[in-house]
Amino acid sequence: MAKGYWIAHVKVRDPERYKDYVAANAVAFKKYNARFIVRGGKNEARGNPITGDRHVVIEFESYDVARACYDSPEYKAAAAIRDEASDASVVIIEGYDG
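Residues numbered from 1 in each chain as written. Predicted model: local features only at pLDDT ≥ 70, side-chain atom pairs only at ≥ 80, totals over all residues. Heavy atoms only, no water.

Novice: Help me out: how do you make sense of the environment of S89 in this one?
Specialist: Tracing the backbone through its elements, the reader meets S89 in strand β4 (residues 86–94). Residue classification places S89 among the partly exposed residues on the basis of a relative accessible area of 37%. Between the alpha carbons of S89 and T51 there is a distance of 8.0 Å; along the sequence they are 38 residues apart. Residues in contact with S89, not counting those within four places in the same chain, are I7, A8 and H9. (Helix = DSSP H or I, 4+ residues; strand = E, 2+ residues; numbered from the N terminus. Buried < 20%, exposed > 50% of the residue type's maximum accessible area, 1.4 Å probe, protein only. Contact = heavy atoms within 4.5 Å.)

Novice: Sorry if this is basic, but what is going on with the packing of aromatic side chains here?
Specialist: Between two aromatic rings, the relevant description is the distance of the centres plus the angle of the planes. Across all of its chains, the model carries 9 aromatic pairs by this definition. A centroid spacing of 5.9 Å and a plane angle of 25 degrees characterise the contact between F29 and Y75, whose relative ring orientation is stacked. Residue F29 is found in helix α1 (residues 15–31), and its partner Y75 is found in helix α3 (residues 73–85); the two are separated by 46 residues along the sequence. Plain terms: the ring middles of Y70 and Y75 are 5.1 Å apart, the flat faces sit at 40 degrees to each other, and that makes the pair tilted. For Y70, a relative accessible area of 24% puts it in the partly exposed group. A residue is classified by how much of its surface remains accessible, and Y75, at 1% relative accessible area, is buried. Here a set of aromatic residues connected by ring pairs shows up, and it is made of W6, Y18, Y21, F29, F36, F60, Y70 and Y75. Its guanidinium or amino end placed over the ring of F36, R39 lies 3.9 Å from that ring's centre, counting from NZ or CZ. (Phe/Tyr/Trp six-rings, centres within 6.5 Å; stacked < 30°, edge-to-face > 60°. Lys NZ or Arg CZ within 6 Å of the ring centre and 35° of its normal.)

And the structure:
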């Protein structure tokens, strides 16, 4: 079965409040056994511009689990904090199982 992923591009507007989001999202990520593949770090955008200066890739057991985590009450609470502190886009995608 293919894994599921979140690919997020984030522009942090309030770094102090964003720390609260990071603490809050840990609840959902633990519940859904999320594993960070990429979490910030050095980067450079090439080609067409993308939104954000912080990029994150999170791995889940499956696409359905990745969706369930995003839609969970635990993550919705964290996302409310995220939206106060940043502008973010998240793509939920099924991994290649080829």
